[in-house]
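Letter by letter, the chains look like this.
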Amino acid sequence: MKNITNSFKNNIRTYGRQLDFKIKLNNVIADTDDFNNIKPSFHIDLFKTVMYTLELDSKNDILPKTLINIEVGVKVNEPTYEYINYNTYTVINPSERQEDASSYIVKAYDKMIEAMIDYDLELTEKIKLRAYLIAICQRLGWNTSNIPTTFINSNKLIDPNLHRGIGYTFRDALDEIATLSCSFLLFINNKLCMVQLIETNENIDESYLDEDSVTIGEKYFINSLVFSRVEESDNIYRKDDTNIQTNGLHEYRITDNQLLSTNDRDLYIDEMFDYLKTFEFYTFDIKTKGILFLDACDKFNFVLNGKIYPTILLNDEIVFEDGLTEDMYLDKPTETETEYKYADETDKRINQTYIIVDKQNQKITQLVEKTSEHEETLVKHEQDINGLKQSVSNTIDYKRQQCNIGQVKLTECQETDLMKLNICGTKEYNNY
């Protein structure tokens, strides 16, 4: 939550309030009449990085690398405005000329934009998750004093080489660290912070809201956590069967996280599930006349008609244009439903997959070792610019031996597109 007084909270919801804003370009105060509208916003996925965005409709062009600071003030019957400070934004790309309006659309971003460069760390050994986060911050020149000493999975060893050679940016790597720690990574006062959720104890009641523009949705909670390498495949899980029996399945699935592509995923899942079992909030969609002091990842309550709805702020859009509007919403995360009979609690009894990326030779080699009650198979998939090759070796099919089936043939097989292998045809059994 932004640092404000009770006077600001009272004034922002009072009829007859007066608003003002200040803009600085490279620390030089700009004329507010030069801006048709100002739109700060953020949109966040669960347990990811946070990037604050600013869009300006400006009568003048604003060049790339320009630093923009914004302050917003409010007063009611006071001689001076009380201001709150928004983030420092940087213009990255040239502005877009609006010929019909003779103005420029300018987009700028907070410090997280610095992570949108190609990942190039060369760490040769496994490293603890916290140490890996520190290493990335040091590579980007970021202050690390606000990184917690401990957090979920902070002391677990990960393989940083999993992020090399796959087209990742540093922000992609930070997103996966945030997911593995059930946290959010964002900048507060230009310092990177790792937070789970920030408790504000703030109650937002009808005095802040337009009664006709308030929608409170269902309560979201989690009673199952699934790690998946491929959709509906190779899953491990934790679930609360008692809660599921009472409330139905509410599953949160993490798919294609490179840090969870190894075969020791069960080392990370328990700490995460212990936290996620306590995680609950109400979805909502509201249009307000302006609240302004709530910030990304804040926990707060709607208090409406005597009922309390705990929730969190992950999406916020503010518009200064002949007045002030603020739209806040929280959508229900996409829920999945795993076939648990094909999953397990560890990697020991399901497919073990190893992926080797060789960018120089434009080749990806994937080894899949399947272990089950009846079969042990080592499958090698090799992808290069000429197509997909597959070889199967070291096959011991105990069930086939029991059934006295010596050979299985598939005929009339059809060739398919790269990276998608379908086998069609009839079955033919030849006994030895």
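Residues numbered from 1 in each chain as written. Predicted model: local features only at pLDDT ≥ 70, side-chain atom pairs only at ≥ 80, totals over all residues. Heavy atoms only, no water.

**Student:** Could you give me a rundown of the overall build of the protein chain, with the residues and numbers involved?
**Tutor:** In terms of helices and strands, the protein chain carries six helices and 28 strands. Per-residue burial for the protein chain yields a buried fraction of 43% across its 432 residues. (Helix = DSSP H or I, 4+ residues; strand = E, 2+ residues; numbered from the N terminus. Buried < 20%, exposed > 50% of the residue type's maximum accessible area, 1.4 Å probe, protein only.)

**Student:** Which residues make up helix H5 (residues 266-276), and what values go with them?
**Tutor:** Buried residues of H5: Tyr268, Ile269, Met272, Phe273, Tyr275 and Leu276, and no others. Down the axis, H5 shows its buried residues gathered within 155° of arc, on one side only. (Arc of directions from axis to C-beta.)

**Student:** How would you explain the packing of aromatic side chains if you had to name every residue and give the values?
**Tutor:** This structure, assessed with the given rule, holds 16 aromatic pairs. Ring centres of Phe21 and Phe320 lie 5.8 Å apart, and the angle between their planes is 35°; this geometry places the pair in the tilted category. Here Phe21, found in strand S1 (residues 18-25), pairs with Phe320, found in strand S21 (residues 315-320); they are 299 residues apart in sequence, far enough to count as distant. Ring plane angle 75° and centroid distance 5.5 Å describe the contact between Phe42 and Tyr52, whose orientation is recorded as edge-to-face. Here the residue Phe42 occupies a position in strand S3 (residues 35-43), and Tyr52 occupies one in the loop between S3 and strand S4 (53-58), the gap between them amounting to ten residues. Of the two residues, Phe42 and Tyr52, neither departs from the other in class, the shared state being buried. One Lys or Arg, Lys22, reaches over the ring of Tyr83 and ends 4.2 Å from the middle of that ring. Between the NZ or CZ atom of Arg97 and the centre of the ring of Tyr104, over which it lies, the distance is 5.0 Å. (Phe/Tyr/Trp six-rings, centres within 6.5 Å; stacked < 30°, edge-to-face > 60°. Lys NZ or Arg CZ within 6 Å of the ring centre and 35° of its normal.)

**Student:** Give me the environment of Asn305: which residues, what numbers.
**Tutor:** By secondary structure assignment, the location of Asn305 is in the loop between strand S19 (298-304) and strand S20 (307-312). For the pair Asn305 and Glu206, spaced 99 residues apart in sequence, the C-alpha to C-alpha distance is 8.4 Å.

**Student:** Quick one: what's the story with the confidence of the model for the protein chain, residue by residue and with numbers?
**Tutor:** Overall, the prediction assigns the protein chain a mean pLDDT of 84, with 78% of residues at 70 or greater. The lowest-confidence element of the protein chain is strand S23 (residues 352-358), averaging 43 in pLDDT; the highest-confidence one is helix H3 (residues 170-180), averaging 98. When the criterion is pLDDT under 50, residues 351-361 qualifies, and its contacts beyond four places in sequence or with other chains add up to 33 contacts. Low confidence marks residues 426-432, where pLDDT is under 50. Its contacts with residues over four positions away, or in another chain, come to 19 contacts. (pLDDT = per-residue confidence, 0-100. Contact = heavy atoms within 4.5 Å.)

**Student:** Residues and numbers for the side chain of Ser181, please.
**Tutor:** In this fold, Ser181 is placed in the loop between H3 and strand S11 (184-188). Judged by its relative accessible area of 1%, Ser181 falls in the buried class. A polar contact is formed between the side chain of Ser181 and the backbone oxygen of Ala178, at a distance of 3.2 Å. Within the structure, the side chain of Ser181 is placed 2.6 Å from the side chain of Ser183, a separation counted as a polar contact. In contact with Ser181, other than residues within four places in its own chain, are Phe151, Ile152, Met194 and Gln196. (Polar contact = N/O pair within 3.5 Å; in protein donor to acceptor, adjacent residues only side chain to side chain.)

**Student:** Give me the lowdown on the sheet that holds S20, citing residues and values where you can.
**Tutor:** One open sheet holds the three strands; their spatial order is S13-S19-S20, and the pairing between them is mixed. The open sheet is flanked by strand S13 (198-204) and S20, the only strands paired with a single partner. Across the sheet, the axes of successive neighbouring strands diverge by a mean angle of 20°, strand direction being ignored. Sheet topology places S13 next to S19; five bridges connect them, and they run parallel. Bridged to Ile198 within S19 is Asp298. (Pairing = 2+ DSSP bridges. Axes fitted to C-alpha atoms, helices over the stretch in contact; angles between N-to-C directions.)

**Student:** Residue-level account of the environment of Glu206, with values.
**Tutor:** By the element assignment, Glu206 lies in the loop between S13 and strand S14 (209-221). Exposure remark for Glu206: the relative accessible area of 40% places this residue in the partly exposed category. Within the local environment of Glu206, its side chain forms a polar contact with the backbone nitrogen of Asn305, the two atoms lying 2.9 Å apart.

**Student:** So what's going on with the environment of Thr49? Residues and values would help.
**Tutor:** Here Thr49 shows up in the loop between S3 and S4. Taking the C-alpha atoms as reference points, Thr49 and Thr179, 130 residues apart in sequence, are found 9.1 Å from one another. Filtering out sequence-adjacent residues up to four positions away, Thr49 remains in contact with Ile44, Met112, Arg171, Leu174, Asp175 and Leu185. At 2.7 Å, the side chain of Thr49 forms a polar contact with the side chain of Arg171. Among the polar contacts made by the side chain of Thr49, one reaches the side chain of Asp175 at a distance of 2.7 Å.

**Student:** Outline the nonpolar core, supporting the account with residue identities and numerical values.
**Tutor:** One recurring pattern in soluble globular proteins is that nonpolar side chains are buried together. Core analysis: the largest hydrophobic core is formed by 107 residues, its most contacted members being Phe184 and Leu292. Looking at this core, the element that brings in the most residues is helix H2 (residues 129-140), giving eight residues. (Core = buried A, V, L, I, M, F, W, Y, C linked by side-chain atoms within 4.5 Å.)

**Student:** Any chance you could break down unusual backbone geometry for me, citing the residues and the numbers?
**Tutor:** Phi is mostly negative for residues that are not glycine, and the peptide bonds are mostly trans. With a phi close to 55°, Asn189 is a non-glycine residue in the positive phi region. You can see Asn189 is positioned in the loop between S11 and strand S12 (191-195). Although it is not a glycine, Cys297 adopts a positive phi angle of roughly 70°. Relative to the assigned elements, Cys297 resides in the loop between strand S18 (280-288) and S19.

**Student:** An account of the packing of H2 against H3 is requested, with residue identities and associated values reported.
**Tutor:** Taken N-terminus to C-terminus, the directions of H2 and H3 make an angle of 155°; their axes are 11 Å apart at the nearest point. Looking at the two axes, H2 sits roughly antiparallel to H3. For the element pair H2 and H3, the recorded crossing hand is left-handed. The residues of H3 that touch H2, namely those facing Leu129, Tyr132, Leu133, Ile136, Arg139 and Leu140, are Phe170, Ala173, Leu174, Ile177 and Leu180. (Parallel < 35°, antiparallel > 145°, perpendicular 65-115°, else oblique. Left-handed = near helix turned anticlockwise from the far one by under 90°.)

**Student:** Describe in detail the pairing of S21, supporting the description with residues and values.
**Tutor:** Inspection of the sheet shows S3 paired to S21 by four bridges, in the antiparallel sense. Looking at S21, one finds that Ser41 is bridged to Glu317. For S21 and strand S22 (residues 324-330), the ladder comprises six bridges, and the chain directions are antiparallel. Its bridge partner lying in S22, Glu317 is registered against Asp327. In this antiparallel pair of consecutive strands, S21 and S22, the connection spans three residues, and Asp322 shows a positive phi of 55°.

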